[in-house]
Amino acid sequence: YGEAIPLYQKILNRVEVSSSLFQDATALLLESFLTEKKYKQAMSLVLAWQKREPESVAPLFYEAWLHENYTKDPKREMAAYRRVLVLEPANIKALSALAERYLERKETARAVEIFQQMELLAPGDPSLPLKIGLIYYDQKQYDQAIEKFQSVLKAHPEAELSRLEPGRPVPAPDVLFP
């Protein structure tokens, strides 16, 4: 990788390089930096990519990953996901990551709002009402949890809740069907 880095940097410094070639070269260079644990260089490259292509969400996802895994800064990670959503409000990957971070921070109301927004974007996905139901169940809001669980079973009668959310205990049948 060491010899490749200067070559990629030459490509990236050429203004006339197409967006597609620029993104490919940037991704390879980022892989090199990450493999060699050169996180500062990776972040600098991501920021330069954002400056060159402000309408692209790809560098924002890299930035979020670097904040999660390198800087350990959840606020900046979440800010990167929010910037993705400014560019692409229906980006399920960013919405999901943001909702999970809110759950980690115990901001369950905000997480539920995002999961509900995702339900509108992906109405056939049984994992979304299930996640909302599990949040309600964890908060001892059993009526709302039952409503969400029953909506999953009604829409997907063949679904097994334990298969949809691995590692989570399935509530007893009397909780689902009082």
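Residues numbered from 1 in each chain as written. Predicted model: local features only at pLDDT ≥ 70, side-chain atom pairs only at ≥ 80, totals over all residues. Heavy atoms only, no water.

**Student:** Explain the confidence of the model for the chain to me, using residue names and the numbers behind them.
**Tutor:** Caution applies to low-pLDDT regions: their predicted coordinates should not be interpreted in detail. Averaged over every residue, the pLDDT of the chain is 83; residues scoring 70 or more account for 80%. The low-confidence segment residues 172-178 (pLDDT under 50) makes twelve contacts with residues lying over four places distant or belonging to another chain. (pLDDT = per-residue confidence, 0-100. Contact = heavy atoms within 4.5 Å.)

**Student:** If you had to explain the nonpolar core to someone new, which residues and values would you point to?
**Tutor:** Membership of the largest hydrophobic core comes to 29 residues, with the highest contact counts inside it found for Tyr81, Leu98, Ile114 and Phe115. Every element with two or more residues in this core is listed here: helix 4 (58-71), helix 5 (74-87), helix 6 (92-104), helix 7 (108-121), helix 8 (127-138) and helix 9 (142-155). In contact with Leu98, not counting residues within four places along its chain, are Met78, Tyr81, Arg82, Leu85 and Ile114. Within the second largest apolar cluster, eleven residues are counted, among which are Tyr39, Leu45, Val46 and Trp49. (Core = buried A, V, L, I, M, F, W, Y, C linked by side-chain atoms within 4.5 Å. Buried < 20%, exposed > 50% of the residue type's maximum accessible area, 1.4 Å probe, protein only. Helix = DSSP H or I, 4+ residues; strand = E, 2+ residues; numbered from the N terminus.)

**Student:** Account for the packing of helix 8 against helix 9, with residues named and values stated.
**Tutor:** Look at helix 8 against helix 9: their axes get within 8 Å of each other, and the N-to-C directions meet at 160°. The pairing of helix 8 with helix 9 is recorded here as roughly antiparallel in orientation. Note that helix 8 runs across helix 9; the crossing there is left-handed. For the pair helix 8 and helix 9, contact is made by Pro129, Leu130, Ile132, Gly133, Leu134, Tyr136 and Tyr137 and by Tyr142, Gln144, Ala145, Lys148, Phe149, Ser151 and Val152, respectively. Residue composition of the contact of helix 8 with helix 9, by class: ten nonpolar, three polar and one charged. (Axes fitted to C-alpha atoms, helices over the stretch in contact; angles between N-to-C directions. Parallel < 35°, antiparallel > 145°, perpendicular 65-115°, else oblique. Left-handed = near helix turned anticlockwise from the far one by under 90°. Nonpolar A, V, L, I, M, F, W, Y, C, P; charged D, E, K, R; others polar.)

**Student:** Quick rundown of the packing of aromatic side chains? Include the residues and the values.
**Tutor:** Across all of its chains, the model carries five aromatic pairs by this definition. On the basis of an interplanar angle of 70° and a centroid distance of 5.5 Å, the ring pair of Tyr137 and Tyr142 is categorised as edge-to-face. Judged by relative accessible area, Tyr137 falls into the partly exposed class, the value being 27%. Note on Tyr142: relative accessible area 37%, which makes it partly exposed. (Phe/Tyr/Trp six-rings, centres within 6.5 Å; stacked < 30°, edge-to-face > 60°.)

**Student:** How would you explain the pattern of salt bridges if you had to name every residue and give the values?
**Tutor:** Scanning the entire structure with this criterion turns up ten salt bridges. For Arg110, the salt bridge is made with Glu107, and the minimal N-O distance between the two is 3.9 Å. Residue classification places Glu107 among the partly exposed residues on the basis of a relative accessible area of 25%. Each of Glu68, Glu77, Arg101 and Glu104 takes part in a single network of salt bridges with overlapping partners. (Salt bridge = Lys/Arg side-chain N within 4 Å of Asp/Glu carboxyl O.)

**Student:** Which residues make up helix 6, and what values do they have?
**Tutor:** Note: α-helices contain 3.6 residues per turn, so residues at a spacing of three or four share the same orientation. Over its 13 residues, helix 6 runs 18 Å from end to end, which matches the ideal 18 Å to within 8%, given 1.5 Å per residue. Among the residues making up helix 6, those that are buried are Ala94, Leu95, Ala97, Leu98, Ala99, Arg101 and Tyr102. Those residues of helix 6 that are buried lie in contact with helix 4, helix 5 and helix 7. Regarding helix 6, its N-cap is Asn91, as a side-chain oxygen of that residue lies 3.2 Å from the backbone nitrogen of Lys93 further along. Where helix 6 terminates, the next one or two residues include Lys106, which has phi positive at roughly 65°. (Expected span 1.5 Å × (residues − 1). Polar contact = N/O pair within 3.5 Å; in protein donor to acceptor, adjacent residues only side chain to side chain.)

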